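# Structural overview
Chain residues, written in single-letter form:
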Amino acid sequence: MEQTFLMVKPDGVQRGLVGEVVKRFEQKGFQLVGAKLMHISSQLAQQHYAEHRERPFFGELVEFITAGPVFAMVWQGENVIATARQMMGATNPADAAPGTIRGDYGVQVAMNIIHGSDSPESAEREIGLFFSEEEKVAYEKTI
Ligand code: CMP
């Protein structure tokens, strides 16, 4: 079963959007495999966003993602990686379609509410960075 890593960023947690985000993925039909409210260390932030290390906004990105608690999650389901990206909307909320999470709740690219893995390789890497095996559940039956 395909799995992805999703994270409500500090702006989303602060604005009380955790329930809304979880509700959308539950109602879509995906299964929650792991979840935790946590503070990201600067070291973890730099590992997580390693591919953006050379970008001019890297420092700002690390500062923002470590500024407050995030809600980290693992979700599973058929085609969950691509479908979650569609449900999140474009990275820049200004370009995100209404009906998507960023389109409905975001305005700024730096504070775009949610992160989601962009490929199977990223999903595996990011899940491994944030979750131990014991922190994920296995469902007996998949509906
Ligand atoms: P995310 O999907 O978490 O992956 C990298 C993040 O970089 C992205 O969401 C944006 O929040 C952030 N980002 C992209 N472009 C900019 C920018 N120009 N300034 C600040 N942050 C950015």
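Residues numbered from 1 in each chain as written. Predicted model: local features only at pLDDT ≥ 70, side-chain atom pairs only at ≥ 80, totals over all residues. Heavy atoms only, no water.

The chain is annotated in an unreviewed UniProt entry as Nucleoside diphosphate kinase from Seinonella peptonophila. Taken from UniProt, the Subcellular location (unreviewed entry) comment for the chain reads in full: "Cytoplasm". (UniProt positions renumbered as here; feature names shortened; annotations may be inferred.)

### Thoughts on the nonpolar core
By size, the foremost hydrophobic cluster in this structure holds 19 residues, and its most contacted members are Leu 6, Val 21, Phe 25, Met 73, Trp 75 and Ile 114. When residues of this core are traced back to their parent elements, those giving at least two are strand S1 (3-8), helix H2 (18-28), strand S3 (70-76) and helix H5 (80-88). Per-element accounting of this core gives the leading share, five residues, to H5. Aside from chain neighbours lying at most four places away, what touches Trp 75 is Glu 2, Gln 3, Thr 4, Leu 6, Val 22, Phe 25, Glu 26, Phe 30, Gln 31, Leu 32, Val 33 and Val 80. Leu 44, Tyr 49, Val 62 and Phe 130 belong to the second largest nonpolar core, which has 18 residues in total. (Core = buried A, V, L, I, M, F, W, Y, C linked by side-chain atoms within 4.5 Å. Buried < 20%, exposed > 50% of the residue type's maximum accessible area, 1.4 Å probe, protein only. Helix = DSSP H or I, 4+ residues; strand = E, 2+ residues; numbered from the N terminus. Contact = heavy atoms within 4.5 Å.)

### Side note on the side chain of Arg 24
Within the secondary structure, Arg 24 sits in helix H2. The exposure class assigned to Arg 24 is buried, which follows from its relative accessible area of 18%.

### A look at helix H4 (residues 58-65)
Considered for burial, the residues of H4 that qualify are Phe 58, Leu 61, Val 62, Phe 64 and Ile 65. Buried residues of H4 fall within an arc of 165 degrees about the axis and therefore sit on the same side. Buried residues along H4 sit against S1, helix H1 (10-14), helix H3 (42-48) and S3. (Arc of directions from axis to C-beta.)

### Some details on the sheet that holds strand S2 (residues 31-38)
Judged by pairing direction, the sheet is antiparallel, and its four strands sit side by side in the order S2-S3-S1-S4 without closing on themselves. Edge positions in the sheet fall to S2 and strand S4 (114-116), since each of these pairs with one other strand and no more. Put simply, the sheet's adjacent strands are angled 15 degrees from each other on average, direction ignored. Relative to S3, S1 is paired through six bridges, and the arrangement is antiparallel. Residue pairing across strands places Met 7 opposite Ala 72, the latter belonging to S3. Strands in contact with H2 are S1, S3 and S4; relative to S3, the strand with the most contacts, it is inclined by about 5 degrees. (Pairing = 2+ DSSP bridges. Axes fitted to C-alpha atoms, helices over the stretch in contact; angles between N-to-C directions.)

### Observations regarding the site of the ligand
Looking at the ligand, the residues that line it are Lys 9, Tyr 49, His 52, Phe 57, Glu 60, Leu 61, Thr 91, Arg 102, Val 109, Ala 110, Asn 112 and His 115. Taking Tyr 49, its side chain carries an N or O atom lying 2.6 Å from an oxygen atom of the ligand. The protein chains hide 81% of the 460 Å² of surface that the ligand would expose on its own. Class assignment for the residues of the shell around the ligand results in five nonpolar, four polar and three charged. (Near = heavy atom within 4 Å. Polar contact = N/O pair within 3.5 Å; in protein donor to acceptor, adjacent residues only side chain to side chain. Areas by Shrake-Rupley, 256 points an atom, 1.4 Å probe, with all protein chains shown as cover. Nonpolar A, V, L, I, M, F, W, Y, C, P; charged D, E, K, R; others polar.)

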